[in-house]
Amino acid sequence: MARKKREIPNYGTVVLKGIEFYRTRIEDADGKRVALYAKTPEELFDKVEEAKQQIENAAFRRASPTVAEYCERWLTMQSARIRTTTLIDYTSKVKNYIIAPLGHMYMAEVTADDIKLAMVNVSTKSSSVYRSVQMLYKCIFYSAVESKIIDSCPCEKLSAKGGKPQDDREALTDEQVEKLLAAIKGLPPYVFVMIGLYAGLRREEILALKWDCVFLDADTPYLSVQRAWHSEHNRPVISKDLKTKAAKRDIPLPPMLADCLREAKAQSNSEFVIANRDGGPLSYTQFKRVWQYIVTRSTKERTYVRYLNGQKITHTVTPVLGEKAAHNSDVVYSLDFQVTPHQLRHTYITNLIYSGADPKTVQYLAGHQHSKITMDIYAKVKYNKPNQLSSVVNKAFAPKTSPAGNGSDNG
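Definitions and cut-offs
Residues numbered from 1 in each chain as written. Predicted model: local features only at pLDDT ≥ 70, side-chain atom pairs only at ≥ 80, totals over all residues. Heavy atoms only, no water. Helix = DSSP H or I, 4+ residues; strand = E, 2+ residues; numbered from the N terminus. Buried < 20%, exposed > 50% of the residue type's maximum accessible area, 1.4 Å probe, protein only. Contact = heavy atoms within 4.5 Å. Areas by Shrake-Rupley, 256 points an atom, 1.4 Å probe, with all protein chains shown as cover. Core = buried A, V, L, I, M, F, W, Y, C linked by side-chain atoms within 4.5 Å. Phe/Tyr/Trp six-rings, centres within 6.5 Å; stacked < 30°, edge-to-face > 60°. 1 Å grid on protein atoms, 1.4 Å probe; cavity = no way out; pocket = protein on both sides within 12 Å on 5 of 7 lines; lining within 4 Å. Points joined across faces, edges and corners; volume = space filled by probe spheres on them. Nonpolar A, V, L, I, M, F, W, Y, C, P; charged D, E, K, R; others polar. Pairing = 2+ DSSP bridges. Salt bridge = Lys/Arg side-chain N within 4 Å of Asp/Glu carboxyl O. Axes fitted to C-alpha atoms, helices over the stretch in contact; angles between N-to-C directions. Parallel < 35°, antiparallel > 145°, perpendicular 65-115°, else oblique.

I'd like a description of the overall build of the chain, backed by residues and values.
Broken down by element type, the chain carries 14 helices and twelve strands. A total of 411 residues make up the chain; the buried ones form 36% of that total. A fraction of 59% describes how many contacts in the chain between residues 6 or more apart in sequence connect residues 24 or more apart. With an accessible surface of roughly 25,700 Å², the chain has 51% of that area assigned to carbon and sulfur atoms.

Here you go:
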């Protein structure tokens, strides 16, 4: 098949230093007219085509920043309206799960498949991280659409349905609470766990709690939530910037928690209820070490890495309930269930609901902005076996006693 002949324009010529050149002018990316020269019309035609492509690419880059560039811009825009702790969380997730896989691409080039592939790596993380990253993708790309950076959102059909299922943690049963407290009595996480179970504070609220907000000598002992903890580069930061306005609250202490805190205060040399050896607030890694006291007493299978003669050796431990740890006879595998810090709060709120507390009271004690959040997330059946539910059903449908003399024969 014959090759199509190129239609080369009739270029003008100019003599430079005694040599004749073909010349034409085009507009660059800034709208300025620039001249191009060549010794033959064919060579000048190629130069013009190459220049047009470069100008087109430059205009594209200017109109469509890279994902990394736009993410940085988006985070800067958010910084004026969200909490510092939230911004730190967003920045970390954007850097690790959006910029890392897609940062080199231009916003206009990103497709739905690119985002789905990037989310594969996130699927190995917890369901809360997965949903959070998914939300960030949508916020960033929808913002780019509103700013006319891109024409359509590539994550428009990205849905949590079919994604990573939610890793729901049920509230601890009364039996599990007893086992947990017995396993860690006298150990570093004990006071933290007691506050979570019987005051329902969030982790960041417990780690920021100071004794000046614990009123043990009041007629009704209570604690006041006034501060929040977060970690920046593994350094603890305490601020009065709470999660919401509703998070600032006063919580009455049940007797077992009041007694626990009195004992802890008598032994404390710190202004913090939960403190490190120097009396300061815990760092992130210090908290993880404290929580490890609970993990090591569970039957959860875990893997350790050790080095022997310079060789890396992987050692897997499958604990058996009731047995002692091989390396530490003080550790007994007594917990046949897993516990997370948030489960303690979950258990507190669930117990309030199960006791019959009205939703608005539970909302206040939980520090939720809306009672709907409280009921949607936590109002689940605590027990679901017939022998556990019979007293509830029998009480609801017990025969009503009629006042004497008011009986009726009407059918």
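The structure having been displayed, the exposition proceeds.
Which residues make up the nonpolar core, and what values go with them?
Leu180, Val193, Ile195, Leu223, Leu261, Val273 and Leu344 are the most contacted members of the largest nonpolar core, which has 51 residues in total. Listing elements by their share of this core, those giving two or more residues are helix H6 (174–184), helix H7 (190–199), strand E5 (222–225), helix H9 (255–267), helix H10 (284–295), helix H11 (341–354) and helix H12 (359–366). Excluding residues within four positions of it along the chain, Val273 makes contact with Val191, Ile195, Leu209, Lys210, Trp211, Val214 and Leu261. If you look at the next biggest cluster of nonpolar residues, it comprises 32 residues, including Val67, Val94, Tyr97 and Val110.

Just give me the short version of the packing of aromatic side chains, but keep the residues and values in it.
Taken as a whole, this structure holds six aromatic pairs when the rule is applied. Relative to Phe141, the ring of Tyr137 lies with its centre 6.4 Å away and its plane at 15°, an arrangement referred to as stacked. Of this pair, Tyr137 and Phe141 are both found in helix H5 (residues 127–146), four residues apart, which corresponds to roughly one turn of the helix. For the pair shown, Tyr137 and Phe141 are each scored as buried. Put simply, the rings of Phe192, Phe287 and Trp291 touch in pairs and so form one group of aromatic residues.

I'd love a proper account of the layout of surface pockets, names of residues and values included.
Quantified by volume, the second largest pocket comes out at close to 930 Å³. Only H7, H9 and H10 provide two or more residues apiece to the lining of the second largest pocket. Here the lining of the second largest pocket is composed, by residue class, of 14 nonpolar, eight polar and four charged.

I'd like a rundown of the sheet that holds strand E8 (residues 249–252), residues and numbers included.
Strand order in the open sheet formed by three strands is E4-E5-E8, and the pairing between neighbours is antiparallel. Each of the sheet's edge strands pairs with one partner strand only, and the pair in question is strand E4 (214–215) and E8. Where E5 and E8 come together, four bridges link them in antiparallel fashion. From the neighbouring strand, Val225 faces E8, where its bridge partner is Arg249.

Tell me what's going on with the pattern of salt bridges, and back it up with residues and numbers.
Inspection of every chain in the model, using the stated rule, returns eight salt bridges. Note that Arg202 and Glu205 form a salt bridge whose closest N and O atoms lie 2.7 Å from each other. Pair check on accessibility: Arg202 and Glu205 agree, each one buried. Note that Arg262 is salt-bridged to Asp259, the shortest N-O span being 3.1 Å. Separated by three residues within a single helix, Arg262 and Asp259 lie in helix H9, roughly one turn from each other. Residues participating in the shared-partner salt-bridge network are Glu175, Lys179 and Asp336.

Residue-level account of the packing of helix H2 (residues 67–78) against helix H3 (residues 84–102), with values.
It is the contact of H2 with H3, at a shortest axis distance of 10 Å, that shows an interaxial angle of 170°. Between H2 and H3, the angle falls in the class roughly antiparallel. Together, Val67, Ala68, Cys71, Glu72, Trp74 and Leu75 of H2 and Leu87, Tyr90, Thr91, Val94, Ile98, Ile99 and Leu102 of H3 make up the contact between the two elements. Here the residues of the contact of H2 with H3 are counted per class, giving eleven nonpolar, one polar and one charged.

Describe the sheet that holds strand E1 (residues 12–16), with residues and values.
Whether parallel or antiparallel, the strands of a sheet pair through hydrogen bonds between backbone atoms. In space, the three strands of this open sheet follow the order E1-E2-E3, with antiparallel pairing throughout. Looking at the sheet topology across the chains shown, the edges are occupied by E1 and strand E3 (33–38). This sheet shows a mean twist of 45° between the axes of neighbouring strands, independent of strand direction. Where strand E2 (residues 19–27) and E3 come together, six bridges link them in antiparallel fashion. Within the sheet, the bridge partner assigned to Ile26 lies in E3 and is Val34.

Mind laying out the pairing of strand E9 (residues 302–308), listing which residues take part and the relevant values?
Sheet analysis places E9 next to strand E10 (residues 311–317), joined by seven bridges and oriented antiparallel. Note on E10: the bridge partner recorded for Val305 is Thr314. Between E9 and E10, which pair antiparallel and follow one another directly, the connecting turn spans two residues, one of which, Asn309, has a positive phi of 55°.

Break down the pairing of E1 for me, with residues and values.
Pairing between E1 and E2: five bridges, direction antiparallel. Counterpart to Thr13 in the pairing with E2 is Tyr22. Connecting E1 to the next strand, E2, in antiparallel fashion are two residues, including Lys17 with a positive phi near 55°.

With reference to specific residues and values, describe the environment of Pro281.
Tracing the sequence through the fold places Pro281 in the loop between H9 and H10. In this structure the C-alpha to C-alpha distance between Pro281 and Val237, which are 44 residues apart in sequence, comes to 8.3 Å. The residues contacting Pro281, other than those within four sequence positions of it, are Leu207, Pro236, Ile238, Phe272, Ile274, Asn276 and Gln286.

Account for the side chain of Ser143, naming residues and giving values.
One can find Ser143 in helix H5. Look past the residues within four positions of Ser143 in its chain and what remains in contact with it is Tyr70, Trp74 and Met77.

What is shown is where atoms sit, not what they do.
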